[in-house]
Amino acid sequence: MTTEDVIAIRVPTPFAVGDVIVYLVKGDALTLIDAGPNTKEAARALQEQLAAVNVKLSDIEQVVLTHHHADHAGLLDVFSDEIEVIGHAFNEPYISQNQAFMDWQKRFFQKLLPELGVPFDTGKAEKLIRSAYAFSCTRSLTKSIREGMGIDGLEGWSVLEMPGHAESHIVLFHEKSGRMLGGDLLLANSSSNPILEAPKAGDVRSKP
Ligand SMILES: [Zn+2]
């Protein structure tokens, strides 16, 4: 794996944070680390920058998600059902927009927000929860990964779990070269904000 085998691609987002950087990794499998948000602008930017290195969207064999946020996972929707979608199992209810999970989130925030002194308006909460998915996708993982695992087609890279910014957050570490693909673990111009999430049903809330 050389430096040329990892190509940074800058994709615009509709969010204040600005662009998101996804990575094309030329391992045994042509792999994209994160996809970008589900917007026409992001799709165009991704396709143009892939074309600049002679890669078509349909050449991508697998997408590895660092975490489930819409600006990282949303653009999964432009890929065919043939590709592998790989990430921590905690991505699943978010990227599939599982209705039972959506309802559970609403009930969770309905209980928690008043405890934190935040007025809760059911109509607004529904809208707010929905807005977090406006640029997301409806896909499913085809493989889940955990701490210490490797990924087929990405020799030398291993998975480290880094929950905090998102419960689903992982980074990929290439020990030999010392490189890490960090998702939103570090952000250039702001803190890597911990985001309050509803726990898995029946579980206790984690404290990011
Ligand atoms: Zn994020």
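Along each chain, numbering runs from 1 in the same order as the chain's sequence is written. Per-residue local features of the predicted model are confined to residues with pLDDT of at least 70, and side-chain atom pairs are confined, for both listing and counting, to 80 or more; whole-chain, interface and lining totals are unaffected and use all residues. In computing side-chain values, all of the structure's heavy atoms are included and hydrogens and water are not.

Undergrad: Help me get a handle on the coordination of the zinc ion, residues and values and all.
TA: Counted as donors are the N, O and S atoms within 2.8 Å of the metal, or 3.2 Å for Na, K and Ca, while water is not among the atoms, so some sites may look incomplete. Coordination of the zinc ion by the protein involves His 67 (NE2), His 69 (ND1), His 165 (NE2) and Asp 184 (OD), with metal-donor separations of 2.1 to 2.3 Å. Taken together, the four donor atoms surrounding the zinc ion define angles of 89 to 175° at the centre, an arrangement classified as irregular. Written as a sequence motif, the donor residues of the zinc ion are H-x1-H-x95-H-x18-D. Taken as a pair, His 165 in the loop between strand 8 (154-161) and strand 9 (170-174) and Asp 184 in the segment after strand 10 (179-181) lie far apart in primary sequence, 19 residues in all. Think of it in three bands: residues with accessible area under 20% of the maximum for their type are buried, residues over 50% are exposed, and the middle band is partly exposed, with areas taken using a 1.4 Å probe on protein chains only. Given the relative accessible area of 7%, His 165 is considered buried. Looking at Asp 184, the relative accessible area reads 9%, which means it is buried. Only two sets of limits are used to name each site, 85 to 135 degrees for every angle of a tetrahedral four-donor site, and over 155 degrees for opposite donors with all other angles from 65 to 115 for a square planar four-donor or octahedral six-donor site, with any other site named irregular. Numbering goes from the N terminus for both helices and strands, where a helix is a DSSP run of H or I of at least four residues and a strand is a run of E of at least two.

Undergrad: Please provide a residue-by-residue account of the pattern of salt bridges, values included.
TA: Take a side-chain nitrogen of Lys or Arg and a carboxyl oxygen of Asp or Glu: if they are within 4 Å of each other, that pair is a salt bridge. As enumerated under the stated definition, the model contains six salt bridges in all. We note a salt bridge from Arg 10 to Asp 19, for which the minimum N-O separation is 3.4 Å. Overall, the relative accessible area of 39% leaves Asp 19 in the partly exposed class. Put simply, Glu 161 and Arg 146 hold a salt bridge, and the shortest N to O gap is 3.7 Å. Taken as a pair, Glu 161 in strand 8 and Arg 146 in the loop between strand 6 (143-144) and strand 7 (150-151) lie far apart in primary sequence, 15 residues in all. The exposure class of Glu 161 is partly exposed, given its relative accessible area of 23%.

Undergrad: Describe the packing of helix 4 (residues 99-115) against helix 5 (residues 122-131), listing the residues and the values that go with them.
TA: The convention used is that axes are lines fitted to C-alpha atoms, helices contributing only their stretch in contact, and that angles between N-to-C directions extend from 0 to 180 degrees. Interhelical geometry of helix 4 versus helix 5 gives an angle of 130° and a closest axis separation of 10 Å. Considered as vectors, helix 4 and helix 5 are oriented oblique to each other. Helix 4 and helix 5 meet at a crossing whose hand is right-handed. In this structure, helix 4 contributes Gln 99, Met 102, Gln 105, Lys 106, Phe 109 and Gln 110 to the contact, and helix 5 contributes Thr 122, Glu 126, Ile 129 and Arg 130. Residue polarity follows a fixed list, in which Ala, Val, Leu, Ile, Met, Phe, Trp, Tyr, Cys and Pro are nonpolar, Asp, Glu, Lys and Arg are charged, and the others, Gly among them, are polar. Here the contact of helix 4 with helix 5 is built from residues that sort into three nonpolar, four polar and three charged. For classification purposes, an angle smaller than 35 degrees is called roughly parallel, one larger than 145 roughly antiparallel, one from 65 to 115 roughly perpendicular, and anything else oblique. Should the near helix be turned anticlockwise from the far one by less than a right angle, the crossing is termed left-handed; should it be turned clockwise, right-handed. For this analysis, residues touch if any pair of their heavy atoms sits within 4.5 Å.

Undergrad: Give a detailed account of the pairing of strand 3 (residues 30-33), specifying residues and quantitative values.
TA: Residue alternation in strand 3 divides its side chains into two sets, Leu 30 and Leu 32 and Thr 31 and Ile 33, and both sets are buried. Sheet topology note: the strand 2 (residues 20-26)/strand 3 ladder contains four bridges and is antiparallel. Residue pairing for strand 3: Lys 26 is matched across the bridge by Leu 30. What sits between strand 2 and strand 3 in their antiparallel hairpin is a turn of three residues. Here three bridges tie strand 3 to strand 4 (residues 62-64), and the two strands are oriented parallel to one another. Residue pairing in the sheet places Leu 32 in a bridge with Val 63 of strand 4. Seen with its strands pointing away from the viewer, a crossover is right-handed when the path leading from the first strand over the helix to the second is clockwise. Traced from strand 3 through helix 1 (residues 40-51) to strand 4, the parallel crossover comes out right-handed. Between any two strands, pairing holds if DSSP finds at least two bridges.

Undergrad: Quick one: what's the story with the pairing of strand 5 (residues 84-87), residue by residue and with numbers?
TA: On a regular strand, one side chain projects to one face of the sheet and the next to the other, so that they alternate. For strand 4 and strand 5, the ladder comprises three bridges, and the chain directions are parallel. Each residue of the ladder has a partner; that of Val 63, found in strand 5, is Val 85. Of the strand pairs in this sheet, strand 5 and strand 6 are connected by two bridges, and their pairing is parallel. Within strand 6, the residue paired with Gly 87 across the bridge is Ser 144.

Undergrad: Please give an account of the side chain of Ser 136 that cites residues and values.
TA: Assignment of secondary structure puts Ser 136 in the loop between helix 5 and strand 6. Accessibility expressed as a relative area gives 7% for Ser 136, which makes it buried. Apart from the residues within four sequence positions on either side, Ser 136 is in contact with Asn 38, Ala 70, Gly 74, Asp 77, Tyr 94 and Gln 97.

Undergrad: I'd like to hear about the environment of Leu 172, residue by residue, with values.
TA: Note on placement: Leu 172 falls in strand 9. In the structure, Leu 172 is positioned 23 residues away from Met 149 in sequence and 9.9 Å away in space, judged by C-alpha atoms. Beyond its immediate chain neighbours, meaning those up to four positions away, Leu 172 contacts Ile 33, Val 64, Ile 151, Leu 154, Trp 157, Ser 158, Val 159, Arg 179, Met 180 and Leu 181.

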